[in-house]
Amino acid sequence: MRRVLHLHTAFLIPILVWMLIGLGALLRTYHADIFPIDNNDDGLYYVWTGTSLLQSPSQVHSHTIFDSDNAALIWRSQYYDYVPHLRFGMKIVEPWFDHPPLGSLIAGFPAYLLGYDQVEQMPHMIVRYPALIASIFTLLGIYLLAQKLFGTRTALFSLLFAATTPYFVFAHRQSYLENFLTPVFLGSLISYLYYQESKRPWQLYLSLLLSFLCGWFKIPAFAIPLMLAGWSYYLKNKKLALLFLLSFIVSLSSYVAYGLLTSSDFFLNTLSNQGVRGMYLSSFIESFVKPMFYGEFMDGLYILGLLFSFVVLLKREKTSYEKFFSWFFMAWIIVLFLVSGKYNNSPWYRYPLIPFMSISIGIYADELWKKKSLFIAALFLLFGFSGYTLAGIELSSTILRISTLLVFAPFVLIFFHPKNKWLEYLSSVMVIVLLGLVIFGNILAIKQYPYEKCEKEPCLQPTKIIFDRS
């Protein structure tokens, strides 16, 4: 009988995993060109860069943010400057070195196949299509990493919240470099964990390769091989630490060689411009407590994900897997702190933290299911229902107070009577109700929030611009 149950479980779990990934993909693609949107969308600029690279690798041109004293600047224009929500700025440089090229190649590939070969506006679904595909790999990576670290049930909870949390869904619609980096980052961690268990060389080589590629998406990600080297050294595996250190050196050196061989003057000038960004002790305070997409977006689960991640980080007695989670969560935060400034804490810098936030919510959702904890229930109650507000649903205070007391009462009762079987059954039902209401509110927010926003302020509709280089 146990064997039959095990076979059924082994068969059903992959189906459930792909159903949740499908739900996440559906929510991410549902009117993905409506929100978040801005005329000056960096995703569009990365598409331009990618199409330019595919057309002429030695003459890359695109929009830049570094236009002051930049000899590579060949065209500057500002459209509709007098109408803020229509304003569209373009500062075109050739050659372009604002970021490493790998993410831009991926972002621009569909547009290139569809024949877009100029610096021009294009449908946002074309711009966002590569990010939507990357998000599927991110969702799968979240499940695999959580399953390896904390078990199948935690992984399913993690995937459920990654798939349906409004902030995570909207973030994954944007063709920003971090969204292409994240699945590669996850892949390097997952293959590393599998190698630790199986000692199969190909898994180590895969982890080395993926960590090597991370920096080619964005400069701060050159630190990822160093993170893996540091963890290997902690495990007293000096040979492995040396291999990841070499991966870092070769990756960074190859990128520098790429820039110097392409155009040394402009490459060094761009690095110099990047270096003017200041570091401030208060850099992350506001950006961490105010989720944003070109304006505040107060998703309580974003805050809860950060809170739970720090809870794991601060646990006095950690398992080896909790230490692994904490090391890479902490390391990415420190890297971002080192490279951020007072005025450039853009939200997409933190997108690689989304898997850690999702997993931490999954950890404590699983803990709530197992222990019916009053204290964890209180946090889900306090932070989990922001989706209804984002969806524009307002309930009377009386209904809210009565509903809160009804949901909360079983957890209070079982706190005082932990061995009562009826209360345990009732609280199990209430866990399902509580988490079900949270997920339902999330889905409503994803569906309704863009329309709520458009009723209050103009929704941005970029103007088509064609740049003729002939």
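Read on for an overview of the structure. Since this is a predicted model, take the numbers as computed values, not measurements. (Residues numbered from 1 in each chain as written. Predicted model: local features only at pLDDT ≥ 70, side-chain atom pairs only at ≥ 80, totals over all residues. Heavy atoms only, no water.)

**Considering the pattern of salt bridges**
(1) Moving on: Scanning all chains against the criterion turns up six salt bridges.
(2) Moving on: When the shortest N-O distance is used, the salt bridge between Lys-148 and Glu-197 registers 2.9 Å. Here the residue Lys-148 occupies a position in helix H4 (residues 124-150), and Glu-197 occupies one in helix H7 (residues 177-198), the gap between them amounting to 49 residues.
(3) Moving on: Residue Lys-148 is classed as buried on the basis of its relative accessible area of 15%.
(4) Moving on: Between Arg-153 and Asp-366 there is a salt bridge, with its nearest N and O atoms 2.5 Å apart. Here Asp-366 lies in helix H14 (residues 354-371) and Arg-153 lies in helix H5 (residues 152-164), a separation of 213 residues in the sequence.
(5) Moving on: You can call Arg-153 partly exposed: its relative accessible area is 39%.
(6) Moving on: Put simply, Arg-153, Asp-366 and Lys-370 are held in one network by salt bridges that share partners. (Salt bridge = Lys/Arg side-chain N within 4 Å of Asp/Glu carboxyl O. Helix = DSSP H or I, 4+ residues; strand = E, 2+ residues; numbered from the N terminus. Buried < 20%, exposed > 50% of the residue type's maximum accessible area, 1.4 Å probe, protein only.)

**Considering the side chain of Ser-428**
(1) Moving on: Relative to the elements of secondary structure, Ser-428 occurs in helix H18 (residues 421-456).
(2) Moving on: The contact partners of Ser-428, leaving out residues within four places of it in the chain, are Trp-369 and Lys-372. (Contact = heavy atoms within 4.5 Å.)

**A few points about empty space enclosed by the protein**
(1) Moving on: Scanning the model with the defined rule gives one cavity of 30 Å³ or more in all.
(2) Moving on: Roughly 60 Å³ of volume is contained in the largest cavity.
(3) Moving on: In this structure, the largest cavity is lined by Thr-64, Phe-66, Asn-70, Ala-72, Val-93, Pro-95, Trp-96, Phe-97, Asp-98, Phe-266, Asn-269 and Thr-270.
(4) Moving on: By residue number, the principal contributor to the lining of the largest cavity is helix H10 (residues 238-274), which donates three residues. (1 Å grid on protein atoms, 1.4 Å probe; cavity = no way out; pocket = protein on both sides within 12 Å on 5 of 7 lines; lining within 4 Å. Points joined across faces, edges and corners; volume = space filled by probe spheres on them.)

**Quick word on the packing of helix H15 (residues 374-383) against H18**
(1) Moving on: Orientation of H15 relative to H18, taken along the N-to-C sense of each, is 25°, at an axis distance of 10 Å. Between H15 and H18, the angle is such that the two are roughly parallel. Regarding H15 and H18, the two cross each other, and that crossing is left-handed. The segment H15 lies against H18, with Ala-377, Phe-380 and Leu-381 engaging Leu-434, Leu-435 and Val-438.
(2) Moving on: Of the residues belonging to the contact of H15 with H18, the class tally is six nonpolar, no polar and no charged. (Axes fitted to C-alpha atoms, helices over the stretch in contact; angles between N-to-C directions. Parallel < 35°, antiparallel > 145°, perpendicular 65-115°, else oblique. Left-handed = near helix turned anticlockwise from the far one by under 90°. Nonpolar A, V, L, I, M, F, W, Y, C, P; charged D, E, K, R; others polar.)

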